[in-house]
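Chain by chain, the residues:
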Amino acid sequence: MITTITMNAAIDKTYITPSFAIDKLHRVKEMYAFAGGKGINVARVVHALQEPVTASGIIAGHNGKFIEAALAEEGIAHQFVAVEGESRLCLAITDPSTGSVTELLEAGPALTEEDVELMKLTIARLARTSTHVVMSGSLPQGCPVTFYKDCVDIIRENGASPILDTSGDALVSGMEGRPLLIKPNEHEVLKLTGSDHADEDAILQAIHAVMEQGIQSVVVSLGAQGALAGMYNRIYRVTIPKVDVLNTVGSGDSMIAGLVVGDKRGMLPEEQLKLGAACGTANALTPAAGMVSLTQVEELMKSISVQQIS
Ligand SMILES: Nc1ncnc2c1ncn2[C@@H]1O[C@H](COP(=O)(O)OP(=O)(O)OP(=O)(O)O)[C@@H](O)[C@H]1O
Ligand SMILES: O=P(O)(O)OC[C@@]1(O)O[C@H](CO)[C@@H](O)[C@@H]1O
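A brief structural summary. (Residues numbered from 1 in each chain as written. Chains lettered and ligands numbered in written order. Predicted model: local features only at pLDDT ≥ 70, side-chain atom pairs only at ≥ 80, totals over all residues. Heavy atoms only, no water.)

**Thoughts on the site of ligand 1**
Quick note on the threshold: Any residue with a non-hydrogen atom lying within 4 Å of a molecule or strand is treated as near it. We define a polar contact as two N or O atoms separated by no more than 3.5 Å, with the added condition that, inside protein, one atom must be a possible hydrogen donor and the other a possible acceptor, whereas residues neighbouring each other in sequence contribute only through side-chain atom pairs. All accessible areas in this document rest on Shrake-Rupley with a 1.4 Å probe, and a residue is counted as covered only by the protein chains that are shown. Each helix is a run of DSSP H or I of at least 4 residues and each strand a run of E of at least 2, with the numbering of both proceeding from the N terminus. Three classes are used, and their members are as follows: Ala, Val, Leu, Ile, Met, Phe, Trp, Tyr, Cys and Pro are nonpolar, Asp, Glu, Lys and Arg are charged, and the others, Gly among them, are polar.
Taken together, the neighbourhood of ligand 1 is formed by 21 residues, with Lys183, Ser221, Gly223, Gly226 and Gly252 sitting nearest. Backbone polar atom of alanine 277 to an oxygen atom of ligand 1: 3.3 Å apart, as the coordinates give it. Threonine 281 is positioned with one of its side-chain polar atoms (N or O) 3.1 Å from a nitrogen atom of ligand 1. The fraction of the free accessible surface of ligand 1 (630 Å²) that becomes covered by protein chains is 85%. Elements that contribute at least two residues to the shell around ligand 1 include exactly helix H8 (251-264) and helix H9 (269-284). Ranked by residues supplied to the shell around ligand 1, first place goes to H8 with 4 residues. Grouping the constituent residues of the shell around ligand 1 by class yields 8 nonpolar, 10 polar and 3 charged.

**A word on the pairing of strand S1 (residues 2-6)**
Basically, it comes down to this: The buried label applies to any residue whose accessible area, calculated with a 1.4 Å probe on protein chains only, is under 20% of its type's maximum; exposed applies above 50%, and partly exposed to all values in between. Pairing between strands is defined by DSSP: at least two bridges between the two strands are required.
Counting buried residues in S1 gives 5 out of 5 residues, a clear majority hidden from the surface. Judged by which residues are buried, S1 turns out to be covered on both faces: Ile2, Thr4 and Thr6 on one side and Thr3 and Ile5 on the other are all buried. In this sheet, strand S4 (residues 53-60) lies alongside S1 in parallel orientation, the contact comprising 5 bridges. Counterpart to isoleucine 5 in the pairing with S4 is serine 56.

**Some points on the sheet that holds strand S6 (residues 88-95)**
What counts here: For every element, the axis is a line fit to its C-alpha atoms; helices are fit only across the contacting stretch, and the angle between N-to-C directions ranges from 0 to 180 degrees. Every residue pair with non-hydrogen atoms within 4.5 Å of one another is taken to be in contact.
Read across the sheet, 4 strands follow the order S3-S2-S6-S7 without closing on themselves; strand pairing throughout is mixed. Both outer strands of the open sheet, strand S3 (30-36) and strand S7 (100-105), are each paired with one neighbouring strand and no more. Each neighbouring strand pair of the sheet contributes to a mean axis angle of 15°, computed without reference to strand direction. With 7 bridges connecting them, strand S2 (residues 10-16) and S3 associate as antiparallel partners. Directly across from lysine 13, in S3, lies its bridge partner alanine 33. Across the face of the sheet, helix H1 (residues 38-48) comes into contact with S2 and S3 while running at roughly 95° to S3. Strand contacts of helix H2 (residues 61-74): S2, S3 and S6, with the helix running at about 90° to S3, the strand carrying the most contacts.

**What to know about helix H5 (residues 168-175)**
If you check which residues of H5 are buried, you get Ala170, Leu171, Ser173, Gly174 and Met175. Packing partners of the buried residues in H5 comprise helix H4 (147-157), strand S9 (161-165), strand S10 (181-182), helix H6 (186-193) and helix H7 (200-212).

**Brief notes about the sheet that holds S1**
Spatial strand order, S5-S4-S1-S8-S9-S10-S11-S12-S13-S14: 10 strands in an open sheet with mixed pairing. On the outer flanks of this sheet lie strand S5 (77-83) and strand S14 (305-308), each paired with one strand and no other. Where S4 and S5 come together, 7 bridges link them in parallel fashion. Bridge pairing links glycine 57 to phenylalanine 80 in S5. Those strands touched by helix H3 (residues 113-128) are S1, S4, S5 and strand S8 (132-136), and its axis lies near 165° from that of S5.

Okay, here's the thing in structure tokens:
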């Protein structure tokens, strides 16, 4: 089983708003509301790839109940820790006329020390029956920045492989535990090395630096440009086809799902990267975040190329 952890689960609402402009009134004709937050998106895509998955993390209040009910309706197993307060609403306003995406993310509940300890115990328990535990997204208020680092250790001690997809200080700290895989985007990876050039050389240097830290796989996703990746001390370039994009929110999460499923199935790095990129691109073809069709993933895999460059 693959377990996903979303420390700040959300209702992900998407408003499709042609000619969106600030300071104007818009009547929204098309909208989607799904259980979301990065780890839940990963779980949904793992489920679409037909691997057993359990979604875990923190929920609160009425929105938390919505999240559980929505997952149950989708047939996704879940075991959340419920805390005081209200789970957040994350709003993405997408404008098909310009391709713009405007995101408004609420803060979500504040955790107590007891909540944090209970979450660690839950992760330890789930890790015992999992091959991989994927921790994704920002940490909620009250959660120490070292949380992911502690959990990387807990997951490994309990026999599963830890995967981390977060940013900022939580990523820097979590990397000290040497998770199996991280997937920063180009901005996140350059922040790690303090470089301000987003060119390929800087990204490659950053990938080498991360691998030298003892992290086996680092996949730097580059949106429509595909990805550059370091796996087992080799460097790969992933080239993806040009597609008609509807909404890229959740493409990173979908890519993680493909990579983890690929690892679980024992695929070679090239095939894992192909599956990851196909899931990311398939997500961009759907209006909602973290949603892919298996048929589209399989079709896209045929037009994605992965080249070992060093
Ligand atoms: N515009 C696009 N066209 C085609 N594929 C895309 C596009 N954007 C993203 N993808 C696919 O999804 C993968 C991950 O995307 P991206 O680099 O945007 O991740 P991210 O920044 O972590 O996304 P998010 O945080 O919104 O989940 C890319 O490597 C690519 O395969
Ligand atoms: O605040 P976080 O946890 O970093 O990001 C939350 C979020 O923007 O990420 C997902 C897309 O990747 C959305 O489902 C969700 O709303």
